[in-house]
Every structure is written in C-alpha cells, then in structure tokens.
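Structural overview for review
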Amino acid sequence: MEIIILPTEVEVYKEASERVVSLIDRKPAAVLGLATGRTMLGICRNLIEAHKKKRVDFSSVVSINLDEYLGLDPGDPLSYHFYMQENLFKHINIREENILIPNSLPDDVEEECENYEQSIKSKGGIDLQLLGIGRDGHIGFNEPSSSLKARTRIKTLTDETLRDNFGSTDGPRFAITMGIGTIMEAGEIVVVAVGEEKAEAISHMVEGPVTASCPASALQLHPKVKVIIDLDAAELLKRKDYYKWVWEHKQAVEKPQLLYRKKRFS
Ligand code: GLP
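Think of each chain on its own: its residues are numbered from 1, step by step along the sequence as written. Since the coordinates come from a predicted model, pLDDT governs what is reported: local features require at least 70, and pairs of side-chain atoms require 80 or more to be given and counted, while whole-chain, interface and lining totals use all residues. As a rule here, side-chain values come from all non-hydrogen atoms in the structure, and water together with hydrogens is ignored.

This part covers the packing of aromatic side chains. For Phe, Tyr and Trp, where Trp contributes only its six-membered ring, two rings pair if their centres lie within 6.5 Å, and the inter-plane angle classes them as stacked under 30 degrees, edge-to-face over 60, or tilted in between. Tallied over the entire structure, the rule returns six aromatic pairs. Seen from their ring centres, Tyr 69 and Phe 141 are 5.2 Å apart, and the 50° between their planes marks the pair as tilted. Taken together, the residues span a long stretch of sequence, with Tyr 69 in strand β4 (residues 67-69) and Phe 141 in the loop between β6 (128-131) and β7 (153-156) at a distance of 72 residues. Using a relative accessible area of 2% as the deciding quantity, one classes Tyr 69 as buried. Of the aromatic side chains, those joined through ring pairs into one cluster are Tyr 69, Tyr 80, Tyr 83, Phe 141 and Phe 166. A helix here means a DSSP run of H or I that spans at least four residues, while a strand means a run of E at least two residues long, and both kinds are numbered starting from the N terminus. Only protein chains enter the area calculation, which uses a 1.4 Å probe; residues under 20% of their type maximum are buried, those over 50% are exposed, and those in between are partly exposed.

Right, let's talk about the packing of helix α1 (residues 9-26) against helix α2 (residues 38-52) for a bit. At a closest axis distance of 9 Å, the pairing of α1 and α2 adopts a crossing angle of 55°. Relative to α2, α1 is oriented oblique. You can see that α1 and α2 cross each other, and the crossing is right-handed. Along the contact surface, α1 presents Tyr 13, Lys 14, Ala 16, Ser 17, Val 20 and Val 21, while α2 presents Thr 39, Gly 42, Ile 43, Asn 46, Leu 47 and Ala 50. Each residue is assigned to one class: nonpolar for Ala, Val, Leu, Ile, Met, Phe, Trp, Tyr, Cys and Pro, charged for Asp, Glu, Lys and Arg, and polar for all the others, Gly among them. Broken down by class, the residue content of the contact of α1 with α2 amounts to seven nonpolar, four polar and one charged. Angles run from 0 to 180 degrees between N-to-C directions of axes, and those axes are lines fitted to C-alpha atoms, restricted for helices to the stretch in contact. For classification, angles of less than 35 degrees are called roughly parallel, those exceeding 145 degrees roughly antiparallel, those between 65 and 115 degrees roughly perpendicular, and all remaining angles oblique. Note: crossing handedness is left-handed where the near helix turns anticlockwise from the far helix by less than a right angle, and right-handed where it turns clockwise. Residues are treated as being in contact if the distance between any of their heavy atoms lies within 4.5 Å.

Two strands are said to pair when DSSP picks up at least two bridges between them. The strand order across the open sheet built from seven strands is β1-β10-β9-β6-β2-β3-β5, with neighbouring strands paired in parallel fashion. The outermost strands of the open sheet, each flanked by one partner alone, are β1 (2-6) and β5 (99-100). Bridge count for strand β9 (residues 188-193) against strand β10 (residues 225-230) is five bridges, and the pairing is parallel. Within the sheet, the bridge partner assigned to Val 191 lies in β10 and is Val 227. Against the sheet, α2 engages β6 and β9, with an angle of about 110° to β9. Taken strand by strand, helix α7 (residues 199-207) contacts β1, β9 and β10, and its axis lies near 155° from that of β10.

Let us now look at the site of the ligand. Here, proximity means that at least one heavy atom of the residue falls within 4 Å of the molecule or strand. Around the ligand, a shell composed of 14 residues is seen, among which Arg 38, Thr 39, Asp 67, His 138 and Lys 198 lie nearest. For the purposes of these results, a polar contact is taken to be a pair of N or O atoms within 3.5 Å, where, inside protein, one atom must be able to donate a hydrogen and its partner to accept one; residues adjacent in sequence count only when each atom of the pair is a side-chain atom. The separation between a nitrogen atom of the ligand and a polar main-chain atom of Gly 140 is 3.1 Å. When the ligand sits alone it has 390 Å² of accessible area, and the protein chains cover 95% of it. When the residues that make up the shell around the ligand are grouped by side-chain class, the tally is four nonpolar, seven polar and three charged. In short, Shrake-Rupley with a 1.4 Å probe defines the accessible areas, and a residue's cover is counted only from the protein chains shown.

Quick look at the pattern of salt bridges now. Any Lys or Arg side-chain nitrogen found within 4 Å of a carboxyl oxygen on Asp or Glu counts as a salt bridge. Taken as a whole, this structure holds 15 salt bridges when the rule is applied. Among the salt bridges present, the one from Arg 173 reaches Asp 159, with a minimum N-O distance of 2.5 Å. Taken together, the positions of Arg 173 in the loop between α5 (159-166) and β8 (174-177) and Asp 159 in helix α5 put the pair 14 residues apart, joining distant regions of the chain. The class for Arg 173 is partly exposed, based on a relative accessible area of 30%. Within the structure, one salt-bridge network assembled from shared partners comprises Glu 2, Lys 226, Lys 250 and Glu 254.

The structure is reproduced here in structure tokens:
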C-alpha cells in the first residue's frame, strides 16, 4: 500500500481527483469504480471543475458504482442514484448508457447481483476504484464479518452505518454492494479518508491484520492501492513518519539513481 498523508482535506481531494483526471487522460474510455458518501463530495467537485476547465472529457468513460440501498426509488434524495446524478453526472458529459448503479428496486435481488457482476465483466473490468471507508472499516457496504471473497450481493447495514449515513437507525437496512472479491479485481484502488473519526478504521486497514472484522484490511492483498488521507485520519498510524518520508521522497524512491547521483556530486 502507498500511504499518502497530506496536511489538509483540500489537498486530499485534489490528489485523489488528479488520479482520476490523469487516468482518463491516458485512457479516455477508462472504467471508473465510483463511491458515494461525504468524502467523495470533494472529489466530485474537483472533477466537475476539471471538466469545466476542459481538462477532462467523460464522453467515453464508463462509471460503475459500488453500491445502492434497496427499496428506495432512484429519485429519492437518500438514494445513491440521486447522489450521483446531483453531485456529479448532471454536471459532466458522461453518457447515460455508460453509467452503472445497482438497481434499488429489482424484482429479483440475486439476479440483479449476478447481472451486475456480468456488466462489470462486459465493460472489461474496473481500471480505478475509488473508495471511502466506514468507521467500522467497511468498504462499499461490506460490513465487518463480510467474506473477503464475496461478490456483489445483498448486505444488512449495521446500526452504526445507519446512524452515520442517516443520523438515525431509520434508514434503509439493506443494500446491494460489490463484494470484497469484486473490488479486489480492480486494476488500481484509491482509498480516501479525512477526519479523526476515520483514524481507527485507517489504522486497522493499514497496520492491522487482514481480517473480516475490518473488511478494508483485505486491500493489503491488492498490489496497487493508494491510501490518501489527511493528518487527522492518519493520527493512529504507528509508522506515519515513514509513510511521510516515502511520499516526500517519492521521486528518489522511484528513481533511486537520482538520489545517489545527487549525493555524490553535492
Ligand atoms: C457509505 C458508503 C461507503 C462509504 C462510506 C463512508 O457507507 N457505502 O462506500 O465509504 O459511506 O462515507 P463518508 O465518506 O460519508 O464517511
């Protein structure tokens, strides 16, 4: 995992959104795995801004969302369909036929989940998956105890997640989510977190054991993960000085010959 600790949340959102912009620059028909939640709002804002400045063109991009609540109408302001439409899609030039979000009102949930997996495959798989993280270490809606190999399926949300997302336990209890197994197949993963309330989940994800008690810890087994966080979210990391050194000397780490040369001649 590459741990990138930045001083402010503004820098966190900038770093994460620039990853997306540069991917689309390299691969105009990129398949983006998108997430929702408060953390993603800063990234959406930056992507809209970049689009307005003509730095990024979404016309060939495919977007695949991680999850959706079950039982909500797509027009319901609590639904992720609504979130994506309002906070990103209506402001950029993505094509409607290139947008995939799990159906919130399927006749057959199991069939919907299987179809979702098939659609991801038919798009060629996800190039870059953006992820937030829940305070309990969930990614997508893979709550603690989720199988680390699971595919897209229905999950039951915990009280903590309901309170975090709706302010009470009255919100929708069930969701369709990509499984950890599905997420792990993305070519590259970028996890974003800000604020001290995420510090414990981040420390378990990065420095804890790989365990279903912290589903995000499975990402330790993925070869290309970037964790972009602010100082507050990094607070409980034991090796944060090491991570900071690596990031500050990124060029030297990637091209060590430059560092040696500089040393020899300075
Ligand atoms: C929800 C989403 C997750 C997201 C999490 C964190 O539970 N299903 O994908 O990571 O919220 O959200 P926030 O950024 O609001 O803390």
